[in-house]
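Given next are the chains, with one letter for each unit.
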Amino acid sequence: MTLRQGREKDNEGWKWATMCRILPKYGLVFFLLALFGFIFLLRNISHVETWNCQTFSTLYQLQNKIHSSFVSVSLPAFHHNSTFCVQLGQKASPEDELEERFLLDSIAWPSPPPAAATPRIRQTSDPVHSFFNILPSREGRGWHVGDQLEVLVQIRDFQGHPKHYGGDFLLARLHSPELGAGVAGAVLDHRNGFYSALFPLLWEGPAQVEVTLVHPSEAVAVLQRLREERPDRVFFKSLFRLGFLSETTVCNMCLPSDEQQPLCNYTDLYTGEPWFCYKPKILSCDTRINHFKGGYLKHLITNKEALLFQSGVNLKVPLRASGSDRIDVLPQRDKAEEEAGSLKPEQLHLSPSGYYYRELWRPLNGPTTRQFNQLSTTQCLKNKVINMYGDSTVRQWFEYLISAVPELKEFNLSSPKNVGPFMAVDTTHNILVRYRCHGPPIRFSTVLSSELRYISNELDGLSGGPNTVVVLSIWAHFSTFPVEVYIRRLRHIRRAVVRLMDRAPGTLVVIRSANLQLLDQEVSLYNSDWFSLQLDATLKAMFKGLNVLMVDAWQMTAAHHLPHALHPPPAIVGNMIDVLLSYICP
């Protein structure tokens, strides 16, 4: 090392030593500058959004030109304006408004009289004190196959006093454990505390009556109020992300007013179906990446109202029979005797869509249901494309087919579990089965924004044809909204079904209806069978007269002896699949 190199090295060492001595003196200055800069950033957060988007995500914005608008409006609160939800979306035509009024009138439920609006619990319907009687047969000559059985139900309160108004939600079933038989009864409300349960007698042998109080009339009144005033009781969220920044906000079909927080408008451009999220504080509306169920609002009812939803007390509790609950059904009468004594078809009230016998479903209209095994299922689906759209109850059908037909292999689309979309193929027999969930509201865990599709738009994208089958199921996620919201959604789907059949007349469309499920107090407030009953009646009325086929899941669960469940057990699903396949291959 030369003398000059040594001096340069000494000078560098002296500079570092001097810097180390000076640095502590200015450390506080650097810290204060950083702190002031951070405070400035927070105070000017609205400018950061623009800076962030322009600096960090030019490429991202070019790739994601999603149409969304920034809306800043004052929305009425739910408890102030129960009609706000139903006024969203495209304006209905006079014909649509007339149909809507007819549908709402057809499902109108009797309310307790004003004097009984806030009764004490002991004045409400009590299944222990209530009872039913089997009325004598016509002319007292016994019951025969082809007759109608009538049962009279009297509802009493917890003090044993007869009730003098209707509105209770009852289920009735006639069944025979010995024969594996069962049929759902039609319940008629006389609006005076008495009800009639009517059953067609469809098999020879023993039959037992079962009547269940699902909800007292006072509980139904609470459910009606919640449906109209609190459509937000199930809430949703979306994640917004851009680079390393992410935010989560609340979303719903109709959000309560918040003057301080504007909305992102995700209303569908084709159907006009409304959907909104609160706008993130920093990110733009275009950065939404997913949708998921946020949770359930609590404390929706008072402690007094909670007494109306007690499992084992007044929630899905069977009534006792006054006298025998069993009859023995004799063989069908001969023709002359039948004409003289039996009821004519027009005298039968609300005949069921089918019944179980030997644990197998037998429809009373439409094609005869066949029993399919693995081989016959494959042969039936050969060269077919099955498109399933809807909620998890039709996804259950997709899963059942995958398990029942080993050659049907699920194709890995890297979709989230229980969400989809899903696809399965059998290349040997040229079978394709697909499932996709319906658009919001959907209470799934996480659905990518790009996978949120409305059924009507999906149907418009199908070519259709004689080898195309469309299966629809949409009901479970609409129970928290006013019925008008459901009518609007079905109207869009119905129009798309008509367009599909016009351009491809051979397309088969099958609709799965709602079904009964297990209830407790919490489930009742969000997914009560009473909500499902109203949606089911609306669905069937809106598609009546169209060239579509119905799998009546409501009666198939009501008539079966297995416990009710949102996703019915395999024994029931297997019968549903047999009905579906019998439609495809009659």
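It should be emphasised that the depicted structure is a prediction, and the values quoted were computed from it without experimental measurement.

**Focus on the overall build of the protein**
Per the secondary structure count, the protein includes 15 helices and 27 strands. For the protein, the residues scored as buried account for 51% of the 586 residues in total. Looking at the protein alone, contacts between residues at least 24 apart form 76% of all its contacts between residues at least 6 apart. When the accessible area of the protein is evaluated, it comes to approximately 28400 Å², of which 56% is carbon and sulfur surface.

**With respect to the pairing of strand β10 (residues 234-242)**
Of all nine residues that make up β10, seven are buried, and the element is covered over most of its length. Where β10 lies against strand β14 (residues 290-296), four bridges are found, and the strand directions are antiparallel. In the strand pairing of β14, Phe235 is matched with Gly295. Where β10 hands over to strand β11 (residues 245-252), the hairpin turn is made up of two residues, of which Gly243 adopts a positive phi near 60°.

**So, the state of the cysteines**
This structure, assessed with the given rule, holds three disulfides. Between the sulfur atoms of Cys264 and its disulfide mate Cys285 the distance is 2.0 Å. Between Cys264 and Cys285 the sulfur-sulfur dihedral comes to about -85°; the bridge is accordingly left-handed. Of this pair, Cys264 sits in strand β12 (residues 263-265) while Cys285 is found in the loop between β13 (276-278) and β14, placing the two residues 21 residues apart along the sequence. In this model Cys380 forms its disulfide with Cys585; the gap between the sulfur atoms is 2.1 Å. Residues Cys380 and Cys585 are joined through a disulfide that is right-handed, its torsion about the S-S bond being 105°. Of this pair, Cys380 sits in helix α8 (residues 374-381) while Cys585 sits in the segment after α15 (570-584), and the two are 205 residues apart along the sequence. The same class applies to Cys380 as to Cys585, namely buried.

**Focus on the sheet that holds strand β16 (residues 320-321)**
Note: strands within a sheet are paired through backbone hydrogen bonds, in either parallel or antiparallel orientation. Taken together, five strands build an open sheet; the order of strands is β7-β8-β4-β2-β16 and the sheet is mixed. The sheet terminates laterally at β7 (186-189) and β16, the two strands that pair on one side only. Here two bridges tie strand β2 (residues 131-134) to β16, and the two strands are oriented parallel to one another. Counterpart to Phe131 in the pairing with β16 is Arg320.

**Digging into unusual backbone geometry**
Comment: phi is negative for the bulk of residues other than glycine, and the bulk of peptide bonds are trans. Along the chain, Gly420 connects to Pro421 via a cis peptide bond; the corresponding omega equals 5°. One can find Pro421 in the loop between β21 (409-411) and β22 (422-426). Residue Pro441 follows Pro440 across a cis peptide bond; omega there is 10°. With respect to the element layout, Pro441 can be found in the loop between β23 (431-437) and β24 (447-448). Even without being glycine, His299 reaches a positive phi, approximately 55°. By secondary structure assignment, the location of His299 is in the loop between β14 and α6 (303-306).

**Observations regarding the packing of helix α4 (residues 94-106) against helix α11 (residues 483-503)**
Running from amino to carboxyl end, α4 crosses α11 at an angle of 125°, the nearest separation of the two axes being 11 Å. Accordingly, the angle class assigned to the pair α4 and α11 is oblique. Here α4 and α11 pass one another in a crossing that is right-handed. Side by side, α4 and α11 meet where Asp96, Glu99, Glu100, Leu103 and Leu104 of the first sit next to Val483, Glu484, Ile487, Arg491, Arg494 and Arg495 of the second. Of the residues belonging to the contact of α4 with α11, the class tally is four nonpolar, no polar and seven charged.

**A short note on helix α5 (residues 217-229)**
End to end, α5 covers 18 Å across 13 residues, agreeing with the expected 18 Å (1.5 Å per residue, within 8%). What α5 keeps buried is the set Ser217, Glu218, Ala219, Val220, Val222, Leu223, Gln224, Leu226 and Arg227. For α5, the elements touching its buried residues are β5 (169-176), β9 (205-215), α6, α11, α12 (521-527) and α13 (529-542).

**A closer look at the packing of aromatic side chains**
Throughout the structure, instances matching the rule amount to 10 aromatic pairs. An angle of 20° between the planes, with centres 6.1 Å apart, marks the rings of Phe422 and Tyr435 as stacked. One end of the pair, Phe422, is in strand β22; the other, Tyr435, is in strand β23, and 13 residues separate them in sequence. For the pair Phe422 and Tyr435, one class covers both residues: buried.

**A few points about the environment of Ser130**
Counting through the fold element by element, Ser130 comes out in the loop between α4 and β2. Separated by 23 residues in sequence, Ser130 and Val153 place their C-alpha atoms 7.7 Å apart. Ignoring sequence-local partners within four residues, the contact set of Ser130 consists of Gln154, Ile155, Arg156, Leu319 and Arg320. Polar side-chain contacts of Ser130 include one of 2.7 Å to the backbone oxygen of Asp126.

**Examining the confidence of the model for the protein**
Residues with a pLDDT of 70 or more make up 82% of the protein, whose mean pLDDT is 87. Here residues 2-24 is modelled with pLDDT under 50, and outside its nearest four sequence neighbours on either side it reaches two contacts, counting other chains as well. The low-confidence segment residues 40-82, where pLDDT is below 50, has 63 contacts with residues more than four positions distant or belonging to other chains.

**Side note on the pairing of β5**
In summary, the side chains of a regular strand alternate between the two faces of the sheet. Burial of β5 is extensive: eight of the eight residues sit out of reach of the surface. Judged by which residues are buried, β5 turns out to be covered on both faces: Phe169, Leu171, Arg173 and His175 on one side and Leu170, Ala172, Leu174 and Ser176 on the other are all buried. Examined bridge by bridge, β5 and β9 share seven bridges and lie antiparallel to one another. Following the sheet pairing, Leu170 is matched in β9 by Leu213. Count of turn residues in the β5/strand β6 (residues 181-184) antiparallel hairpin: four residues, of which Gly180 carries a positive phi of about 60°.

**Describing the side chain of Ser528**
Examined against the element boundaries, Ser528 turns out to sit in the loop between α12 and α13. For Ser528, a relative accessible area of 0% puts it in the buried group. Residues within four places of Ser528 in sequence aside, it is in contact with His215, Leu223, Leu519 and Val523.

**Here we look at empty space enclosed by the protein**
Applying the stated criterion across every chain, the model contains one cavity of 30 Å³ or more. What lines the largest cavity is simply Leu472, Ser473, Ile474, Leu490, Ile493, Ile511, Leu539 and Phe543. Partitioned by chemical class, the residues of the lining of the largest cavity number seven nonpolar, one polar and no charged.

About the thresholds
Note on numbering: residues in each chain are counted from 1, in written sequence order. With the structure being a predicted model, the display of local features is reserved for residues of pLDDT at least 70 and the display and counting of side-chain atom pairs for 80 or more, all residues being used for whole-chain, interface and lining totals. With hydrogens and water stripped out, all remaining heavy atoms of the structure feed into the side-chain values. Strands here mean DSSP runs of E at least two residues long; helices mean DSSP runs of H or I at least four residues long; both are numbered from the N terminus. For the exposure calls, accessible area comes from a 1.4 Å probe over protein chains only, and a residue counts as buried if that area is under 20% of its type's maximum, exposed if over 50%, partly exposed in between. Pairs of residues are marked as contacts when any of their non-hydrogen atoms sit within 4.5 Å. The accessible surface values rely on the Shrake-Rupley method and a 1.4 Å probe; as for residues, cover is taken only from the protein chains in view. Each pair of strands is called paired provided DSSP finds at least two bridges between the two strands. When two cysteine sulfur atoms lie within 2.5 Å, the pair is treated as a disulfide. Axes, fitted as lines to C-alpha atoms, cover a helix only where it is in contact. Angles between the N-to-C directions of the axes lie from 0 to 180 degrees. To sort the angles, those under 35 degrees are grouped as roughly parallel, those over 145 as roughly antiparallel, those from 65 to 115 as roughly perpendicular, and the leftovers as oblique. Definitions for this section: a left-handed crossing has its near helix turned counterclockwise from the far helix by less than a right angle. A right-handed crossing has that turn clockwise. In this classification, the charged set is Asp, Glu, Lys and Arg, the nonpolar set is Ala, Val, Leu, Ile, Met, Phe, Trp, Tyr, Cys and Pro, and all remaining amino acids, among them Gly, are polar. Residue count minus one, scaled by 1.5 Å, sets the expected span of a helix. Working definition: rings of Phe, Tyr and Trp (its six-membered ring) pair if their centres are within 6.5 Å, and the pair is stacked with planes under 30 degrees apart, edge-to-face with planes over 60 apart, and tilted otherwise. N or O atoms within 3.5 Å of each other form a polar contact, as long as, within protein, one can give a hydrogen and the other can take it, and as long as residues adjacent in sequence are counted only when both atoms are side-chain atoms. The quantity known as pLDDT measures the predictor's confidence residue by residue, on a range of 0 to 100. Here a cavity means grid points, on a 1 Å grid over the protein atoms only, where a 1.4 Å probe fits yet cannot get out; a pocket means an open set of points with protein on both sides within 12 Å along at least five of seven lines; lining residues are those with an atom within 4 Å of a point. Grid points are joined across faces, edges and corners, and a volume is the space filled by probe spheres set on the points.

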